[in-house]
Each structure stands twice: as C-alpha cells, then as structure tokens.
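# Understanding the architecture of this molecule
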Amino acid sequence: MLTSMRPLWKTQNKIVLAVAFTAASPLSALDLTTLNLADPHLNLVPRTAAEQARITAATAATSDFTTAEAFEDHPAGAATVRARKDDEAFSQHSDNISFEQQLEFKLGNGLFKKIWVFAPASTRASDGLGPLHNARSCQRCHIKDGRGHTPQGADDSAISMFLRLSIPGDAPAEMAAIHDYIGTAPDPNYGTQLQDFSPPGLAPEYQFSVTYRDIDVALSGGESATLRAPSYRALNLGYGPLHADAMLSPRVAPPMIGLGLIEAIPVADILAQADENDTNGDGISGRANLVWSSEYDQVMLGRFGLKAGQPTVHQQSAAAFSGDIGISTPLYPEPWGECTETQTDCRNATHGDGDVRGSEIDQPNMDLVTFYSRNLGVPARRDLDDPQVLRGKQVFYDTGCSSCHTPKFVTHRLSDRPEQSFQLIWPYSDLLLHDMGDGLADNRPEARATGREWRTPPLWGVGLTQQVSDQAGYLHDGRARSLLEAVLWHGGEAQPARDTVVQLAPDDRAALIRFLESL
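What counts as what
- Residues numbered from 1 in each chain as written.
- Predicted model: local features only at pLDDT ≥ 70, side-chain atom pairs only at ≥ 80, totals over all residues.
- Heavy atoms only, no water.
- UniProt positions renumbered as here; feature names shortened; annotations may be inferred.
- Helix = DSSP H or I, 4+ residues; strand = E, 2+ residues; numbered from the N terminus.
- Contact = heavy atoms within 4.5 Å.
- Polar contact = N/O pair within 3.5 Å; in protein donor to acceptor, adjacent residues only side chain to side chain.
- 1 Å grid on protein atoms, 1.4 Å probe; cavity = no way out; pocket = protein on both sides within 12 Å on 5 of 7 lines; lining within 4 Å.
- Points joined across faces, edges and corners; volume = space filled by probe spheres on them.
- Core = buried A, V, L, I, M, F, W, Y, C linked by side-chain atoms within 4.5 Å.
- Buried < 20%, exposed > 50% of the residue type's maximum accessible area, 1.4 Å probe, protein only.
- Axes fitted to C-alpha atoms, helices over the stretch in contact; angles between N-to-C directions.
- Left-handed = near helix turned anticlockwise from the far one by under 90°.
- Nonpolar A, V, L, I, M, F, W, Y, C, P; charged D, E, K, R; others polar.

### Section: the UniProt feature "domain: Cytochrome c" (unreviewed entry) in the protein chain
- Per the UniProt entry, the sites bearing "domain: Cytochrome c" (unreviewed entry) are residues 387–519 in this numbering.
- Between the C-alpha atoms that bound residues 387–519 the distance is 15 Å, and the span itself is 33% helix and 9% strand.

### Description of unusual backbone geometry
- Residue Pro120 follows Ala119 across a cis peptide bond; omega there is -5°.
- Of note, Pro120 is situated in the loop between helix H2 (99–113) and strand S3 (161–168).
- Cis geometry is found at the peptide bond from Gly130 to Pro131, where omega equals 15°.
- Unusually for a residue other than glycine, Asp145 sits at a positive phi of about 65°.
- Secondary-structure assignment places Asp145 in the loop between H2 and S3.
- Backbone geometry at Leu431 places phi at a positive 60°, although glycine is not the residue there.

### Digging into the environment of Gln193
- Note on placement: Gln193 falls in strand S5 (residues 193–194).
- For Gln193 and Glu205, which are twelve residues apart along the polypeptide, the C-alpha to C-alpha distance reads 9.5 Å.
- Gln193 has contacts with Asn134, Phe162, Leu163, Arg164, Leu165, Glu205, Gly323, Asp324 and Glu338, leaving out every residue within four places of it along the chain.
- At 2.9 Å, the side chain of Gln193 and the side chain of Arg164 are in polar contact.
- Within the structure, the side chain of Gln193 is placed 2.9 Å from the backbone oxygen of Gly323, a separation counted as a polar contact.

### Details of the layout of surface pockets
- Here the second largest pocket is characterised by a volume of approximately 340 Å³.
- Lining the second largest pocket are 20 residues, and of these Ala154, Asp156, Gln207, Phe208 and Ser209 lie nearest its centre.
- Looking at the lining of the second largest pocket, the elements with two or more residues in it are strand S6 (207–218) and strand S7 (224–235).
- The dominant element in the lining of the second largest pocket, judged by the number of residues it contributes, is S6, at six residues.

### Some details on the nonpolar core
- With 55 residues, the main nonpolar core has Ile178, Leu290 and Phe321 as its most contacted residues.
- If you list the elements that add at least two residues to this core, you get H2, helix H3 (259–263), helix H4 (267–271), strand S9 (290–293), strand S10 (298–301), helix H5 (313–325) and helix H7 (363–374).
- The element contributing the most residues to this core is H7, with five residues.
- In this view, Ile178 contacts Leu30, Leu35, Leu290, Val299 and Arg448; residues no more than four positions away in its chain are not counted.
- Cys401, Phe422, Leu475 and Leu488 belong to the second-largest nonpolar core, a separate cluster that totals 41 residues.

### Digging into the packing of H5 against H7
- Between H5 and H7, the least distance of the axes is 9 Å, while the angle of their chain directions is 115°. As for the relative orientation of H5 and H7, their crossing is right-handed in sense. Only Gln363, Met366, Val369, Thr370, Ser373 and Arg374 of H7 make contact with H5, whose side of the interface consists of Val313, His314, Ser317, Ala318 and Phe321.
- Taken together, the residues of the contact of H5 with H7 sort by class into five nonpolar, five polar and one charged.

This is the structure:
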C-alpha cells in the first residue's frame, strides 16, 4: 500500500533536513478578479463574439468515445509535426513556421546545444561557464529536447537533475497584493540550487545522491506494480552546512515541446479553470501560481516550470542560463551565475562578460534561444481511432483525469506570431497547481505553490518520452519508470482518480495506458 512514501533529505551526516517543514495549506482563497492579470507578453487581437462562440463549442468536453474528435490528430494545430519513430521526435520545428523562421530556429538550436567553456578562453563567444554549474549546455539537461533522467548508478552523473533550494523568508514587497504568497530566501551558503560541477581549483557545491525503496501496490485482477520511493542526500558539501531550515526539491528537466503554444493561451481561459474553494464540490481546486515578471515589472500568471514559477519562455530560459549553466544574460546579468556572497572565490573568478557581448550571452542570441524554445513541435497523435485507445480515452474522462489534465484550449489570435496564433491545441493540462499528496510533496513552497502542490504537467508527447530518451522517467523527479507508476503516485486531490485506476478491470487499466501512449 502507498504509505510513508515522503522522500527523505539527508546530508552526509544523514540528518533529515526538510521533512519537518510544514507543507503549508493555502490561506483563504485569493480573489483573482481584484488583480489586473493580463498577457503583456503577447500582441493580441481581441476575440469577436462569434469567435468566442466557436471556441466554446470546440473546447467543450466530448461525450462521444466511439470515434476520434475533429482535429484531435493535430495536438498543436497547424504547428503539429509528424510523429517520427526515432529519438528526434521532439527536435523538429513547428510545421507552420516560414523558411526565414526555420533559419532562426536552426541558429537557436545551435545555441541550445552549445558547449560553454570556462573563461578566459580563446573562444570568447562561448566562454563564461559557471564557475559553479549543473550542466555545460541546455541540451545536456533537456536530452534530445525531451526529459532528463535520474542517475543510473552511484557513479553516474546527475547533470539532468538537480536540487532546488531555499529557506523560509519574507514575501517580496512587489507581491504584497498576493496575500497567500509564501516568502522564501536563498540559502546563505548555497543560493537557490545546488550545483555539482566546478572548474579546477574550486570546490563543487555537493554530490547528488538518491536511493530507492520498493513499494508494492496490489491492483485488481491479480495484477501488481512496484513503485520506487526516493531518498535524497546532499553529499560532500563544499561550502559548509546547509541552513538548518533548508528546503530542497529534486527536479528533472522537463520536455521542451509546445512551449510557445502554452505561452499563447489566454490568461483568462486558464484562470477560468481555477476553483480555489472547490465551489463545484468535485474535490479539485486548481490554483493559479502568481509570480513576478522581471521582464514586464508586474505580477503575471506562472505557466512554466514544475511549480509554474516562471511566466514566459524568455524568463524561464534566462533563469536557466543563470542558475544551471552560470551564463549571464541581460535579464540576469550577474556573471557568476548563482554564486552567493559567501562564495568569494567563485565571484572573484574570471568571467566571460565585459566584452562586446555585454553579458555572456547577449540579447540577440537570447532571442534566438527563446524562438527555438517556443517552436519545438508537438508530434501528431498515433492510433487515435484504435478501439483500445478510444476505450482508454473514455476511462481517462470517467476516472476524473480530465478534471486537471484539461484536454483543449484555443490560443490567442496574435498579430506578430502567426505560428502560435488562434490554434486549437490539446496539451492535456490546466496549467494550475494541485495538491498531489504526501507521496509527491517536496515540502518546499514556490510563490503561491505549497510544498504539496505541483503544476499539472502537459501530457502531449508523453507517449514518446522513452523513445526520445530510454533512460527518462516521469513525474518531477523521474521516480516513475512507467506511465502506470506515474498514475499510481498520484495523491491529494488526485487520490480518488488513482484509487479508481487501482480498482479498474485489467483491460480498462491497459486501455488507459494505451491512450496515454498515443498522446
């Protein structure tokens, strides 16, 4: 049975660090109508009444599971790409970008794959790595533009997985209007994430370690499954002890497909799915994460990241350059990346900024990386008329999975981004926060997200995850080795749906997995 599955955090002295932190429950529900939430990152054309009526009809939940719905085979609308049968399935550009945009995409791909080096180097356009860092390129974490993976053994590098870090703190003044914003601060010695690589002569921050304990789950029909309950350790700390109240969160890099389309969903349509007080009584109370936009100097809806901690693709990309690779950008100009004030050798090291680039990657190149990240295509559905897939789709709806994994949206009509404009898309996510229970809790808040809440991850392309990277797992820390294991880890608001799956007839359970594999 699923009991006592909360992950443990231990230093080399095996001291439990963060489990004592209270995974705070949300305060009284926030009235979102009092906030001026909008889409300042988009140049949008307002919808007409006739268009809104068409959208309402097109995004209505289906009740016919005898055949596939119209346009269901193209989950990203006109941007959908063909479903390749190799590990390049997530590395294609959106099908509807122009010839000139394809050149931008290829240049962005080159920067996404670029191997950064320590400064000083003869290759000035590529120096500035770290000094402390988790990876030398974007692609080292987002393997083949898909998911990262957990270490495969004690000697395996954990470069596509790291530990996010914070301690309790005050809420920033700019978030004063968000009364349930949970204040945090960087760890005094280690900042906001632990980095396991460094240049010669400088100590890395730690060594990542995870071990697993098997948990057997009995399923109806005489079937069973075995889950891996993780236990994490931060070994060989290089800069003294972690703060006594340190909270750590394991993170595996997520897939990159469809991000520009997610960015183009109207904020109003996402907020319309929120039900903070569960007024409809279905047990689901999706909440919007609200974060500060450094680009637009205002509160915005968080859409990206495992707890929806970033509002735009550009800000997400710039934050990853700074935190993961130690590369400065115009938005995050510190050349030492994530090094704290106590890490003086790191801050005083030679960096790659100060030349004509200004920052270690300049804005024109950041724009290319952002364009690339917005336009990685979503593969077409497979076998969606297969009777088992259709049965699995009905099971998906009947068990309540679609309550959080919202199938459909229509993007804004945009004046300057035709490739993402006015597309019927099928991400299977409401992009909201949900309590996922003790088993998946990291006990580390992020903005409005409590230690038990995670953003509903989009499911498009999930069936191709292990075709792209055969070491990839599922969930925020890759603990689930299969889609069934991922379902069985669901708790909190999703506990009833999970329990229903356990009790399903084996054929229906297999059909549900077959449906997920077709996405």
